[in-house]
Amino acid sequence: MNSGRTGRHAGPLVIAIDGPAASGKGTLARRLALHYGLPHLDTGLLYRAVALTLIDAGTDLDDGGAAARAAGALSAERLSDPRLRERAMGEAASRVSSVPEVRAALLSWQRKFAEGAQGAVLDGRDIGTVVCPGAPVKLFITAAPEERARRRHLELLGRGEETTLAAILADIRARDARDSSRAAAPLKAAEDAVVLDTTELDADAAFAQAVAIAERLKAA
Ligand code: C5P
């Protein structure tokens, strides 16, 4: 295993990974964190946890004030709730994530994580553009919507969630449109991010390419 401090980059290493739903960024982020011995934060879980708090309280997901309060009061224990991984929660998270006060409350949480002495790997939608704009390694992971839907379908079937490929593709297109068009921190690649298209890559090939890119950016 390589050390996170090899190469010309000095100090704690922060790796920012962004991309649309089911692009493979979560798997890549976990593997990069393991490879470099860094803590990892899946920032989508924060937005999912805010949505789950509202759902559990019977509050409308479009109640921006309630969403902002839930984001401000979020506790780390909430992030391990298995319901956060359910398909409906991705859609619900996408709705609360367009509220600027929700994003502001979660920003300080994410920055604190990234500023730890060890460095960190964070994955989400706005890590390279807003949360960690100074990260030396920025990756934007993408793949064709049909391929992302196929992967997510397999993953959900594996977890016993009944669903169809067509429904997932529709979800993915709706989430892409909402995440890319919102005014607050929309999904987009940072200008200095390297784009990695995983449509034709399996998980190992994508990981090998991501490490090669990270090594190059670290040494730049
Ligand atoms: O990555 P994941 O699918 O878990 O994210 C769920 C939703 O949370 C996304 O569709 C997006 O709307 C929102 N999100 C965000 N910014 C992040 C991470 C997730 O807006 N950094």
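Residues numbered from 1 in each chain as written. Predicted model: local features only at pLDDT ≥ 70, side-chain atom pairs only at ≥ 80, totals over all residues. Heavy atoms only, no water.

(A) Inspection of the packing of helix α2 (residues 44-57) against helix α5 (residues 100-114) at higher detail. Their axes nearest at 11 Å, the elements α2 and α5 cross at an angle of 135°. The orientation of α2 relative to α5 falls into the category oblique. When the axes of α2 and α5 are compared, the crossing they make is right-handed. Listed contacts from α5 to Leu46, Tyr47 and Val50 of α2 are Val102, Arg103, Leu106, Trp109 and Gln110. Looking at the contact of α2 with α5 residue by residue, the classes come out as six nonpolar, one polar and one charged. (Axes fitted to C-alpha atoms, helices over the stretch in contact; angles between N-to-C directions. Helix = DSSP H or I, 4+ residues; strand = E, 2+ residues; numbered from the N terminus. Parallel < 35°, antiparallel > 145°, perpendicular 65-115°, else oblique. Left-handed = near helix turned anticlockwise from the far one by under 90°. Contact = heavy atoms within 4.5 Å. Nonpolar A, V, L, I, M, F, W, Y, C, P; charged D, E, K, R; others polar.)

(B) Representation of the site of the ligand within the structure. The local shell around the ligand holds 15 residues, among which Arg48, Arg103, Arg125, Arg175 and Asp179 are the closest. Measuring from an oxygen atom of the ligand, one finds a side-chain N or O atom of serine 97 at 2.9 Å. The side chain of aspartate 179 places a nitrogen or oxygen atom 2.7 Å from an oxygen atom of the ligand. Protein chains shield 97% of the accessible area of the ligand, which is 460 Å² for the free molecule. (Near = heavy atom within 4 Å. Polar contact = N/O pair within 3.5 Å; in protein donor to acceptor, adjacent residues only side chain to side chain. Areas by Shrake-Rupley, 256 points an atom, 1.4 Å probe, with all protein chains shown as cover.)

(C) A look at unusual backbone geometry. Positive phi is not limited to glycine here, since alanine 22 has a value of about 60°. Inspection of the secondary structure assignment puts alanine 22 in the loop between β1 (13-18) and α1 (25-36). Since its relative accessible area comes to 11%, alanine 22 is described here as buried. Despite not being glycine, alanine 185 shows a phi value in the positive range, around 45°. Among the secondary structure elements, alanine 185 is positioned in the loop between α8 (165-181) and β5 (194-197). Its relative accessible area of 16% is what places alanine 185 among the buried residues. (Buried < 20%, exposed > 50% of the residue type's maximum accessible area, 1.4 Å probe, protein only.)

Scope: geometric values only; no functional claims are made or implied.
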